[in-house]
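What follows is the residue order along each chain.
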Amino acid sequence: MVNPSDLQDSPAGPVVSDPELLALHAVRLKGVAGDDEAAARYGLDSDVVREALLDHEARGWVTRRAFAGTRGWSLTDSGRAEGERRLAGELAEAGLGAFVRERYATFLAHNARCLRACTDWQLRPDGSGRLSVNDHGDAAWDGRVLDELTELGRVIEALSEELGARVVRLGGYGARFTGALERVRRGELSWVDRVKEDSCHTVWMELHEDLLATLGIARGEEPAPRA
């Protein structure tokens, strides 16, 4: 639940990013994204996003490339820097830097738990002290992992609700994570860690990248998780 007092330093209401920035930012979050995929990330009109990305290409911020069977746009170094500059400007104008950094610290405190849960979904002890591919034949093992992911779902729901109330583009992560978890519980087991889809792992990692971009933090320069 969002504390109304937390909103006092943003009198103009939540930050709504412009479509040009969202198009650029969607490419960063997806790594490689086509026009439609970039548009879908924030529910934007595909034609608007296509024109924005063509403009970004002309400025040298995005480039077309193919990677692992995926074709689309990716950021250049200058595009990455420009995106971070604009995101920083949003936070500074709204006075939300400290607020987002505090939520980022909360995220980091749970990050290792999520990575461990996803690993445990993939691998489990084989009884000889080694790890083997999890064939999901051990209901107790899988149940423990799902309980952990359920707790993490509550964490990401609270974070995305608080963040989205202040910066609209940072909302929605909780619903996407728990939506994936619901699919797992219905028997679609790959929705814990499948790639190129909104699995639990993909959504968690995307929020991580979103917070890094928003705060201008490079991987490898992240603060240690608070105890």
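To be clear, the structure that these remarks concern was listed above.
Residues numbered from 1 in each chain as written. Predicted model: local features only at pLDDT ≥ 70, side-chain atom pairs only at ≥ 80, totals over all residues. Heavy atoms only, no water.

A.B. asks: What is the right way to read the packing of aromatic side chains from this model?
C.D. replies: Two numbers describe a pair of aromatic rings. These are the distance of the centres and the angle of the planes. This structure, assessed with the given rule, holds two aromatic pairs. Taken together, a centroid distance of 4.8 Å and an interplanar angle of 25 degrees make the contact between Phe107 and Trp204 stacked. Taken together, the positions of Phe107 in helix α5 (residues 97–122) and Trp204 in helix α8 (residues 200–215) put the pair 97 residues apart, joining distant regions of the chain. The residue whose ring lies beneath Arg166 is Phe99, and the NZ or CZ to ring-centre distance is 3.9 Å. The ring centre of Trp191 lies 3.9 Å from the NZ or CZ of Arg183, which sits over that ring. (Phe/Tyr/Trp six-rings, centres within 6.5 Å; stacked < 30°, edge-to-face > 60°. Helix = DSSP H or I, 4+ residues; strand = E, 2+ residues; numbered from the N terminus. Lys NZ or Arg CZ within 6 Å of the ring centre and 35° of its normal.)

A.B. asks: Just checking my understanding: could you explain unusual backbone geometry for this structure?
C.D. replies: A negative phi holds for most residues other than glycine; trans holds for most peptide bonds. In this structure, His136 is a non-glycine residue whose phi angle is positive, near 60 degrees. Its place among the elements puts His136 in the loop between β4 (131–133) and α6 (139–166). We classify His136 as partly exposed; its relative accessible area is 27%. You will see that Lys196, though not glycine, has its phi angle at about 60 degrees, which is positive. Tracing the backbone shows Lys196 in the loop between α7 (173–185) and α8. (Buried < 20%, exposed > 50% of the residue type's maximum accessible area, 1.4 Å probe, protein only.)

A.B. asks: How should I be thinking about the nonpolar core in this particular structure?
C.D. replies: Side chains that are nonpolar tend, in soluble globular proteins, to be buried together. With 56 residues, the main nonpolar core has Leu53, Leu149, Phe177 and Trp204 as its most contacted residues. Leaving out residues up to four positions away in the same chain, Leu149 has contacts with Ala117, Phe177, Leu181 and Val192. (Core = buried A, V, L, I, M, F, W, Y, C linked by side-chain atoms within 4.5 Å. Contact = heavy atoms within 4.5 Å.)

A.B. asks: Help me understand the pattern of salt bridges, please; the structure alone is not making it clear to me.
C.D. replies: For the coordinates displayed, the defined rule picks out 26 salt bridges. Here Arg50 makes a salt bridge to Asp47, at a shortest N to O gap of 2.7 Å. Residue Arg50 and its partner Asp47 are located together in helix α3 (residues 46–58), separated by three residues, close to a single helical turn. A relative accessible area of 28% means that Arg50 is categorised as partly exposed. (Salt bridge = Lys/Arg side-chain N within 4 Å of Asp/Glu carboxyl O.)

A.B. asks: What is the right way to look at the pairing of strand β1 (residues 62–67) in this model?
C.D. replies: Remark: a regular strand shows side chains that alternate across the two faces of the sheet. With six bridges joining them, β1 and strand β2 (residues 70–75) adopt antiparallel strand pairing. Bridging from a neighbouring strand, Thr63 pairs with Ser74 of β2. The loop that links β1 with its antiparallel partner β2 comprises two residues; one of these, Ala68, has a positive phi angle of about 50 degrees. (Pairing = 2+ DSSP bridges.)

A.B. asks: What is the right way to read the packing of helix α4 (residues 77–94) against α8 from this model?
C.D. replies: Between two packed helices, both the angle of their axes relative to each other and the distance between the axes serve to describe the pair. In contact at an axis separation of 7 Å, α4 and α8 are set at 75 degrees when each is read in the N-to-C sense. On the basis of the axis angle, α4 is roughly perpendicular to α8. Contacts between α4 and α8 pair Arg80, Glu84, Leu87, Ala88 and Leu91 from the former with Glu209, Ala213, Thr214 and Leu215 from the latter. (Axes fitted to C-alpha atoms, helices over the stretch in contact; angles between N-to-C directions. Parallel < 35°, antiparallel > 145°, perpendicular 65-115°, else oblique.)

A.B. asks: Looking at this model, I keep getting lost on the environment of Leu170. Mind explaining?
C.D. replies: Inspection of the secondary structure puts Leu170 in the loop between α6 and α7. Spatially, the C-alpha atom of Leu170 lies 19 Å from that of Val49, the residues being 121 residues apart in sequence. Setting aside anything within four residues of it in sequence, one finds Leu170 in contact with Ser160, Leu163, Gly164, Asp210 and Thr214.

A.B. asks: For this particular structure, what's the right way to read the side chain of Thr214?
C.D. replies: Relative to the assigned elements, Thr214 resides in helix α8. Note on Thr214: relative accessible area 2%, which makes it buried. Residues contacting Thr214, with those up to four places away along its chain left out, are Leu87, Ala88, Leu91, Val100, Arg169 and Leu170.

A.B. asks: What am I meant to see in the packing of helix α1 (residues 19–30) against α3 here?
C.D. replies: Their axes nearest at 9 Å, the elements α1 and α3 cross at an angle of 75 degrees. On the basis of the axis angle, α1 is roughly perpendicular to α3. Here α1 contributes Pro19, Glu20, Ala23, Leu24 and Val27 to the contact with α3, which in turn contributes Val48, Val49, Ala52, Leu53, Asp55 and His56. A per-class count over the contact of α1 with α3 returns eight nonpolar, one polar and two charged. (Nonpolar A, V, L, I, M, F, W, Y, C, P; charged D, E, K, R; others polar.)

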